[in-house]
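# Overview (structure and organization)
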Amino acid sequence: MSTITKKLIALDLDGTTLNNDGQISARTKATLNQAIKAGCVVSLVTGRPNRISENFYDELHLNSPMINFNGNLGILPHQNWPREYQYTIDKEIVMELLGKSKQLGLSLIAVEGRDLFLANKGIKSGFGFFPSTLKTNQILSQKSLQDNPISITVEVKPELKAGLIDFVEKQFGDQVEVSPWGGPHPIVEIATKGVHKSTGLKFLADYYGILQQDIIAFGDEDNDRTMMSYAGKSVAMKNAIPSIKALANDVTTYTNEEDGVARYLQAHLDLAVSQ
């Protein structure tokens, strides 16, 4: 197999690289491995915190930086890396939300950082991002929250969601921005204003000296929008939301459940992968 022009392949996880069971298929692993052997850089650029994405990083045997929290954290997993970056928000915002949680309709408040996870309760809704029961040292309080977090995630009563967004924007809009999650969950994420997946993607491209035209970004949801706008080639999954498909340069023929990323890369980068 001849070496191809060095590409930066930026991969969203949920709904893109992962199938609907939250797993990476054998075909996807083999294809990404071939892309790396051909000289490409493969990086995960995800909204997930590092605590629930490093397992996929390890499974793919990556050694590139990983971008978490929608661009707010860039790390080399399992290492102390001088180039690591993070954008944090004032912990007083957390205390304000905690104090007004009843009137704002917040059932869950979780705060996270690279090595930080605290929440006001476990969550049993079953969507896998938060533990259903908390350890004693994971309970959120003024005393336990010593460091500024990277992100605040709240579960809000659906009818009060617009009111919560309005409250945060009026009170703290110069510091943070609010991003509702995609899908059916009444979840809202709060993080540093102006930082998005494109922040992380630009960081990766600069680090590797890769031109924008040589970036391929795959995504399916609204939080992928800035990353896909920045990339030279943006590829929406067949299962992506309509606005992401409309924005993309290309759409995969197959969904995340059908190895859409792998099949696309095999066809467009001429990767020979044994099945």
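Rules used in this analysis
Residue numbering note: each chain is counted from 1, following its sequence as written. Residues qualify for local features only when their pLDDT is at least 70, as the model is predicted, and side-chain atom pairs are given and counted only at 80 or more; totals for whole chains, interfaces and linings, by contrast, use all residues. Only hydrogens and water are set aside when side-chain values are computed; all heavy atoms of the structure are taken into account. Here's how the labels work: a residue is buried when its accessible area is under 20% of the maximum for its type, exposed when over 50%, partly exposed in between, all with a 1.4 Å probe on protein chains only. Put simply, DSSP marks the helices as runs of H or I at least four residues long and the strands as runs of E at least two long, and each gets a number from the N terminus on. For two strands to be treated as a pair, DSSP must find at least two bridges joining them. Salt-bridge detection follows one rule: a side-chain nitrogen of Lys or Arg within 4 Å of a carboxyl oxygen of Asp or Glu. A pair of Phe, Tyr and Trp rings is counted when the ring centres sit within 6.5 Å of each other, with Trp represented by its six-membered ring. The angle between the planes then sorts it: under 30 degrees is stacked, over 60 is edge-to-face, the rest tilted. In this analysis the charged atom, NZ for Lys or CZ for Arg, is taken to sit over a ring once it is within 6 Å of the ring centre and within 35 degrees of the ring normal.

### With respect to the pairing of strand β2 (residues 41-44)
Residues in a regular strand project their side chains so that they alternate between the two faces of the sheet. Both faces of β2 are covered, namely the face carrying V41 and S43 and the face carrying V42 and L44. Looking at chain direction, strand β1 (residues 8-11) and β2 are connected through four bridges and run parallel. Directly across from A10, in β2, lies its bridge partner S43.

### Overview of the pattern of salt bridges
Under the definition given, this model contains eleven salt bridges. Where E59 meets K29, a salt bridge forms, and the shortest distance between an N and an O atom there is 2.9 Å. Taken together, the residues E59 in helix α3 (residues 54-59) and K29 in helix α2 (residues 26-37) connect sequence positions 30 residues apart.

### A closer look at the sheet that holds strand β5 (residues 85-86)
The strands making up a sheet associate through backbone hydrogen bonding, with each pair oriented either parallel or antiparallel. Spatially, three strands are ordered β3-β4-β5 in an open sheet, and the strand pairing comes out antiparallel. Two strands lie at the open edges of the sheet, namely β3 (66-68) and β5, each paired on one side alone.

### Overview of the environment of L108
Relative to the assigned elements, L108 resides in strand β6 (residues 106-113). Classification of L108 as buried rests on a relative accessible area of 0%. A sequence separation of 50 residues divides L108 from P158, and the C-alpha atoms of the two residues are 13 Å apart.

### A look at the packing of aromatic side chains
By the definition in use, this model includes eight aromatic pairs. Pairing Y85 with Y87 gives two aromatic rings, centres 5.7 Å apart and planes at 70°, and the pair type is edge-to-face. On the basis of relative accessible area, Y85 is assigned to the buried category, the value being 14%. Note on Y87: relative accessible area 34%, which makes it partly exposed. Taken together, the ring pairs connect W81, Y85, Y87, F203, Y207 and Y208 into an aromatic cluster. Positioned above the aromatic ring of Y254, the side-chain terminus of R263 is 4.0 Å from the ring centre.

Note that every value here comes from positions in space, so none of it alone points to a role or purpose.
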